[in-house]
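Here is what each chain is made of, one letter per residue.
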Amino acid sequence: MRPDVESPPHFQPSGTLSGTIGESGRRTRLVRGRAAGDTVDRARTTEHLKMPNTVYFFGTCLIDLLFPRTGLAAMRLLERAGLRVIFPQGQTCCGQPAYNTGYRDEARRVARAQLDAFPESLPVVVPSASCAGMLKVHYPLLLAGTADAARADAFAGRVVELTDFLTRVLDLRLTDRGPPIRVAVHNSCSSRRELGVADATMELLRRLARVELVEPERAHECCGFGGTFAIKQPEISAAMAADKTSAVAATGAAVLVSQDCGCLMNLGGTFARRGGGPVIKHVAEFIWERTSHDD
Amino acid sequence: MTTEFRLAIGAALGRERVRANIRKAMDGLVSKRAAAFPDADERERLRDQGEAIRGESVSRLPELLEELERSCTRNGIQVHWAETGEDANRLVLDILRHAGTTALLKGKSMVSEEMGLNEYLQHAGIEAVETDLGELIIQLAGEAPSHIIAPAIHKDRAEIAALFREHYPDQPPAERIEELTALARRVMRKRFRGMTAGLSGVNFAVAETGTLCLVENEGNGRLCTTLPDLHIAVMGIEKVVARLDQIPPLLTLLTRSATGQPITTYVNFISGPRRPGEQDGPRAVHLILLDNGRSRIRLDPELSATLRCIRCAACMNHCPVYTRLGGHAYGTVYPGPIGSILEPQLHGLAERGEMAEASSLCGACAEVCPVRIPIPRLLNRLRFEAVNAQADSPTLGHGSRRLAGQAGLWRLWAWTCAHPRIYRTLTRLMTALRPLQPTRIKPWTDTREAPRIADQDLHRQARAAGFTDRL
């Protein structure tokens, strides 16, 4: 069966606007430009393009091994929105650890395996801005000039971060079934600066009626995870995590959410060591729990 | 492996007072920059312009330098080429000896720091007198700059007051900022008198007109370049720009990105020595063009973006690593994000490659860079160069950080992740062995609890929950 997708851009509303690492200024400008013509964009989305009825889910290796509940929650959110969710058993890791350590040949090998695992022209929904950034921004760079360049470009065009997809493509409405609560959001660096999806995450969370959203002081600053950075430069990483956890604790929030399990693993682990601190949850798991009946 | 850099990091993180000083100062610079760019559209247009202008400088570097030499020569500026810092030092010394001078007034110049000029002159019996307030402070303290535009930013007012008390005991005691700057001014003014040679850096040099552009806030730069009979300007070759009309956008990008100022207190356009009939200005102007590895950096089409830098320091002001370490921990002339891409290229990956690893790739630097240097991407590239030995790479020390054991582990990891069956077997094994998971995993658990492996991986849970594998 052919998916109801004529051309990919409609399921990557922010991706078409950004996609260049760090140069968020350029993205800001484009997003601002888009904001002015926002209604036009929306009209075009509904006019020309149909909602996908089937999506791929890329679980990420971190979620696979350490936080599978997050992955399941994200898939159930998609399923409840009426989508058929495919979880290819051939998926493994996006390859970012090797890529950011300089081992590009190894990263390329892993990247090709992911291209193989998601062959159909379907959206690839990713519950991590960091991994989504690897698939969307870095695969085309990594595979440029190889036999897989075109495949990587097409794949990158299909990749969309979970909250971006839920907010801007599905325009998901949420019925908040939980008690009033204060929630701190840590928008990951990839969500802010690489993909520009942090505002989609915030918008989605704002649709929970009884959730008070707060951001810690110096919200823009990195939590100190940085993948292998936490291992290669443990002292700096720890100093950054200490400051971030203090800022989060100062918000008095009961829960800390983020788009990225890497950040949460870093901050949760630091909180667990220092004692106290909020409950740590990926945004998908938090939303699933707040909106499901059997909670 | 504990390197010198790692030891310095540990020490820097332990210096609470310095950390607090730097953090406070960086917070100030960050908010000033933000306030200086109230209109995001204008800011992004300017950054586009900055990128294009500096990109032209780098791509046309050889011809622009030759044009600059011709224009300067026409204006009466004597142009010298220096391959290395040592060559540049020797040129300065020769010029000073020829003029018969034993002391040199210095305006702030990072290139002179790169050359190690002060030390070189000292050995040759020539005193270098720093006139920039920040440079003066660290010269008194016997330290190196910790920041490229605010060299003494790691010191607070009380520390500076103590330094002045120690070195200027005949001066009335100063505590408040106004008193401290007034004291420095009194002391420096005396030094200016009778000096016959001055040295400055160059922010931009205009090829078409032979104009040297220099920004500063204290007026000492203007004194250094106009009061003595001899002015020597030193610049990295990449500071050339093609046309005079490219200067205004660069200047406003520079000052707003650096200190949040719409323009600096002094903007000097130096277009040659004193002409017949003029009342003041130097009688001779020399320009030293320093390469010191820049031509080599330029050979790489991606890494050459490093040379677009206009030394505004916005990247370090916004860097979560720099704000915690300060500049000294890096042990290099250029610290922070720009240092982390520049130093490994100038001095080689074997010696400075670890700087490229001291980043979480958060992207805060690239977000503010006025000339859009994609710093995280270049850091990633340098990490690749460090472990990958491609014979034709122009990057100094490429492949030098490759360790056989580490490379083998990554190969094994890639093999696992490229074979889903093997990967699934491994995750299944890890979840089965979950009870045996160690609670201490260094260095992660030095400051954090380790995450627990799940009792069942997502691959199996997804299948069990009925999520299909394919279309």
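1. Concerning the interface of chain A and chain B
Across the boundary between the two partners, chain A contributes 82 residues, which contact 82 residues of chain B. Contact between chain A and chain B buries roughly 7300 Å² in total, counting both sides, with carbon and sulfur atoms accounting for 59%. Three residues, Leu65, Gln89 and Tyr103 of chain A, lead the burial of chain A against chain B; their summed loss comes to 11% of the area buried on that side. Taken together, the links from chain A to chain B amount to eight salt bridges. Aspartate 243 of chain A is paired through a salt bridge with arginine 324 of chain B; the nearest N and O atoms lie 2.8 Å apart. The biggest single contributor to the side of chain A that touches chain B is helix H13 (residues 234–250) of chain A, with eight residues. Grouping the amino acids of the side of chain A that touches chain B by side-chain chemistry returns 38 nonpolar, 24 polar and 20 charged.

2. Brief notes about the sheet that holds strand E8 (residues 279–282) of chain A
Residues and elements named next belong to chain A. Spatial ordering of the open sheet is given by E6-E5-E7-E8, a layout of four strands whose pairing is parallel. At either end of the open sheet lies a strand with only one pairing partner, and these are strand E6 (211–214) and E8. On average, each strand axis in the sheet is tilted by 30 degrees relative to the strand beside it, whichever way the strands run. Here four bridges tie strand E7 (residues 255–258) to E8, and the two strands are oriented parallel to one another. Opposite serine 258, over in E8, you have histidine 282 as the bridge partner. Sitting on the sheet, helix H15 (residues 283–291) touches strand E5 (181–186), E6, E7 and E8, and the angle it makes with E8 is about 100 degrees.

3. Considering the domain arrangement of chain A
Residues and elements named next belong to chain A. In terms of domains, chain A is made up of domain 1 (8–168) and domain 2 (172–291). Counting residues at the interface gives 39 residues for domain 1 and 31 residues for domain 2. Taken together, the two surfaces of domain 1 and domain 2 that pack against each other cover about 2800 Å², and 61% of this comes from carbon and sulfur. For the domain 1 face of the interface with domain 2, the top three residues by lost area are Arg80, Thr163 and Thr167, together amounting to 18%. Counting across the interface, domain 1 meets domain 2 through three salt bridges. Glutamate 285 is the partner of arginine 69 in a salt bridge, and the nearest nitrogen-oxygen pair spans 3.0 Å. Put simply, domain 1 and domain 2 have twelve residue pairs in polar contact (both at pLDDT 80 or more) between them. Broken down by secondary-structure element, the contributors of at least two residues to the side of domain 1 that touches domain 2 are helix H1 (24–36), helix H3 (61–65), helix H4 (68–80), helix H7 (129–142) and helix H9 (162–169). With eight residues, H7 is the single largest residue contributor to the side of domain 1 that touches domain 2.

The rules behind each value
- Residues numbered from 1 in each chain as written.
- Chains lettered and ligands numbered in written order.
- Predicted model: local features only at pLDDT ≥ 70, side-chain atom pairs only at ≥ 80, totals over all residues.
- Heavy atoms only, no water.
- Contact = heavy atoms within 4.5 Å.
- Buried area = accessible area lost by both parts, 1.4 Å probe.
- Salt bridge = Lys/Arg side-chain N within 4 Å of Asp/Glu carboxyl O.
- Helix = DSSP H or I, 4+ residues; strand = E, 2+ residues; numbered from the N terminus.
- Nonpolar A, V, L, I, M, F, W, Y, C, P; charged D, E, K, R; others polar.
- Pairing = 2+ DSSP bridges.
- Axes fitted to C-alpha atoms, helices over the stretch in contact; angles between N-to-C directions.
- Domains from an automatic or database assignment.
- Polar contact = N/O pair within 3.5 Å; in protein donor to acceptor, adjacent residues only side chain to side chain.

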